[in-house]
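# Architecture and fold: a report
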Amino acid sequence: MQESAETVVSRVLEPGEKIVWTGRPNMQVCLDARAQRRGRSRILLLPLTFLLAFWITGSFGFSSPLAGLHNLPFEPRFLWVVAAPALLTLAIRILWLDDHSRMKRYFQSLTYAITDRRLLILEGNQISAAYSPEQVHAPILRQRAPGYSDVNFDEQSVRPNDLRIVQDPVYRERRQVGFKALPNAEEIQQRIALLVKSIEVT
């Protein structure tokens, strides 16, 4: 059974530091939002698949995919045409499952906290990001799903040739530093603003 957010955060507090708020992302919202984006990407690939079918059958001398369907399986080269997409589909499926499990583990590991001194993001029992009020940018809300938003307060820079931004969904999530998939995001945004303002006043 997962420990409470407050218990996890209490282990990493500095002497005299007090917890103002703790929370965790709604994991299902995070995974559902990602699945919807993947679904839209697959729909966009349908026209490309149709054009590819025309190109393949045309390379065998058929005027259209339907005209060549009854003869195409008897072509020796057809084995390559079938094998290549099949292997590609299998590879994509394996990678998708791996991405899905990695994202699930990542969101399950997250715990968020606002203290009287810092904003904390923990992965497991370790602090992965700690921001003093002076380091916090103006918190921005980004809706992830109806009723759930991210509260982002920093963005990590990326080198132009860093392919992880394309290949690694967990890396993309870490780039946008903040508290993700919260049902009370506006309240948390105000709490962060109050913490920053309290430091400015002193």
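Scoring rules and cut-offs
Residues numbered from 1 in each chain as written. Predicted model: local features only at pLDDT ≥ 70, side-chain atom pairs only at ≥ 80, totals over all residues. Heavy atoms only, no water. Helix = DSSP H or I, 4+ residues; strand = E, 2+ residues; numbered from the N terminus. Contact = heavy atoms within 4.5 Å. Areas by Shrake-Rupley, 256 points an atom, 1.4 Å probe, with all protein chains shown as cover. Pairing = 2+ DSSP bridges. Axes fitted to C-alpha atoms, helices over the stretch in contact; angles between N-to-C directions. Salt bridge = Lys/Arg side-chain N within 4 Å of Asp/Glu carboxyl O. Buried < 20%, exposed > 50% of the residue type's maximum accessible area, 1.4 Å probe, protein only. Polar contact = N/O pair within 3.5 Å; in protein donor to acceptor, adjacent residues only side chain to side chain. Phe/Tyr/Trp six-rings, centres within 6.5 Å; stacked < 30°, edge-to-face > 60°. pLDDT = per-residue confidence, 0-100.

## Things to note about the overall build of the protein
When its secondary structure is counted, the protein shows 6 helices and 7 strands. Mapped from its N terminus to its C terminus, the protein presents α and β elements in the order α-β-α-α-β-β-β-β-β-α-α-β-α. Considering only contacts within the protein whose residues lie at least 6 apart along the sequence, 62% involve residues at least 24 apart. Accessible surface, the protein: about 12900 Å² in total, of which carbon and sulfur atoms supply 61%.

## Section: unusual backbone geometry
The backbone of Ala181 sits at a positive phi, close to 50 degrees, despite the residue not being glycine. As for its position among the elements, Ala181 is in strand β7 (residues 176-182).

## Description of the pairing of strand β4 (residues 126-131)
Regular strands show a simple pattern: their side chains alternate between the two faces of the sheet. For strand β3 (residues 119-123) and β4, the ladder comprises 5 bridges, and the chain directions are antiparallel. By the bridge assignment for β4, Glu123 is matched with Gln126. In textbook terms, the turn of a hairpin is the stretch between consecutive antiparallel strands, and for β3 and β4 this stretch comprises 2 residues, one of which, Gly124, has a positive phi near 70 degrees.

## Here's the deal with the sheet that holds β4
Within a sheet, each strand pairs with its neighbour through backbone hydrogen bonds, oriented either parallel or antiparallel. Spatially, β1-β2-β3-β4 is the arrangement adopted by the 4 strands of the open sheet, whose pairing is antiparallel. Edge positions in the sheet fall to β1 (19-23) and β4, since each of these pairs with one other strand and no more. Direction aside, neighbouring strands of the sheet carry axes that sit 20 degrees apart on average.

## A look at the pattern of salt bridges
Throughout the structure, instances matching the rule amount to 11 salt bridges. Glu3 is the partner of Arg11 in a salt bridge, and the nearest nitrogen-oxygen pair spans 2.4 Å. Owing to a relative accessible area of 47%, Arg11 belongs among the partly exposed residues under this scheme. A residue is classified by how much of its surface remains accessible, and Glu3, at 34% relative accessible area, is partly exposed. The residue Arg117 makes a salt bridge to Glu14 at a minimum N-O spacing of 3.2 Å.

## Some points on the side chain of Lys180
Looking at the secondary structure, you find Lys180 in strand β7. From its side chain, Lys180 meets the backbone oxygen of Glu173 in a polar contact 2.8 Å long.

## Describing the sheet that holds strand β6 (residues 148-155)
Ordered in space as β5-β6-β7, the 3 strands form an open sheet in which the pairing is antiparallel. Each end of this open sheet is capped by a strand with a single partner; those strands are β5 (140-145) and β7. Going across the sheet, the axis of each strand differs from the next one's by a mean of 25 degrees, ignoring polarity. Examined bridge by bridge, β6 and β7 share 5 bridges and lie antiparallel to one another. Residue pairing for β7: Asp154 is matched across the bridge by Val177.

## Remarks on the packing of aromatic side chains
Scanning the entire structure with this criterion turns up 5 aromatic pairs. Between the aromatic rings of Tyr131 and Phe153, the centroid separation amounts to 5.4 Å while the plane-to-plane angle is 75 degrees, which identifies the pairing as edge-to-face. Here Tyr131 is found in strand β4, whereas its partner Phe153 is found in strand β6, with 22 residues between them in sequence. For the pair Tyr131 and Phe153, a shared accessibility class is recorded, and that class is buried. Here the aromatic residues Trp21, Tyr112, Tyr131, Phe153 and Phe179 are joined through ring pairs into a cluster of three or more.

## What to know about the confidence of the model for the protein
Confidence in the prediction of the protein, expressed as mean pLDDT, is 77, and 62% of residues score 70 or more. Predicted confidence is poor over residues 39-45, with pLDDT under 50, and the contacts of this stretch with residues over four places away or in other chains come to 1 contact.

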